[in-house]
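Single-letter residue listing:
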Amino acid sequence: MNIFGKRLKELRIEANLSREKLANALSVSVRQISYWETGQRQCDFNMLIKIADFFSVSIDYLLGRTDF
């Protein structure tokens, strides 16, 4: 699993969100969340910013450049 997918899944679980709830919050499909978490696809820059803002983390954290 890629670091982005691993961290996205961890954040989603810590926030007690199903894939469906996260998908609704980000206005994407459940399948898209699954693809990101499993590393089958990557999100674009705008979505990366949206995810970082949603979970109140840095983009560097999501991409594995920092551990906080």
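Residues numbered from 1 in each chain as written. Predicted model: local features only at pLDDT ≥ 70, side-chain atom pairs only at ≥ 80, totals over all residues. Heavy atoms only, no water.

Description of the overall build of the protein chain
Each helix and strand in the protein chain was counted, giving 5 helices and 0 strands. For the protein chain, the N- to C-terminal ordering of α and β elements is α-α-α-α-α. In terms of overall dimensions, the protein chain is globule-like: its C-alpha atoms have a radius of gyration of 11 Å, near the 11 Å expected for 68 residues. Across its three principal directions, the C-alpha atoms of the protein chain cover 30 × 20 × 20 Å. In the protein chain, which comprises 68 residues, the share counted as buried stands at 34%. The contacts of the protein chain with a sequence gap of at least 6 include a subset with a gap of at least 24, amounting to 51%. Total accessible area on the protein chain is roughly 4,500 Å²; 49% of this is exposed by carbon and sulfur atoms. Here the protein chain contributes 10 positive and 8 negative side-chain charges, whose respective centroids are spaced 6 Å apart. (Helix = DSSP H or I, 4+ residues; strand = E, 2+ residues; numbered from the N terminus. Rg over C-alpha atoms; globule rule 2.2 N^0.38 Å. Buried < 20%, exposed > 50% of the residue type's maximum accessible area, 1.4 Å probe, protein only. Contact = heavy atoms within 4.5 Å. Areas by Shrake-Rupley, 256 points an atom, 1.4 Å probe, with all protein chains shown as cover. Lys, Arg positive; Asp, Glu negative; His and termini not counted. Charge placed at Lys NZ, Arg CZ, Asp CG, Glu CD.)

Things to note about the environment of lysine 6
With respect to the element layout, lysine 6 can be found in helix 1 (residues 3-14). In this structure the C-alpha to C-alpha distance between lysine 6 and threonine 38, which are 32 residues apart in sequence, comes to 7.8 Å.

Considering the environment of serine 58
Structurally, serine 58 can be placed in the loop between helix 4 (45-55) and helix 5 (59-62). A relative accessible area of 32% means that serine 58 is categorised as partly exposed. Of note is the side chain of serine 58, whose polar atom sits 2.9 Å from the backbone nitrogen of tyrosine 61. (Polar contact = N/O pair within 3.5 Å; in protein donor to acceptor, adjacent residues only side chain to side chain.)

Structural notes on the nonpolar core
Counting 17 residues, the largest nonpolar core has Phe4, Trp36 and Ile51 as its most contacted members. For phenylalanine 4, the contacting residues outside a window of four places in its chain are Trp36, Cys43, Leu48, Ile51 and Leu62. (Core = buried A, V, L, I, M, F, W, Y, C linked by side-chain atoms within 4.5 Å.)

Side note on helix 3 (residues 30-38)
Every buried residue of helix 3 is accounted for by Ile33, Tyr35, Trp36 and Glu37. After helix 3 finishes, the residue glycine 39 shows a positive phi value of roughly 80 degrees.

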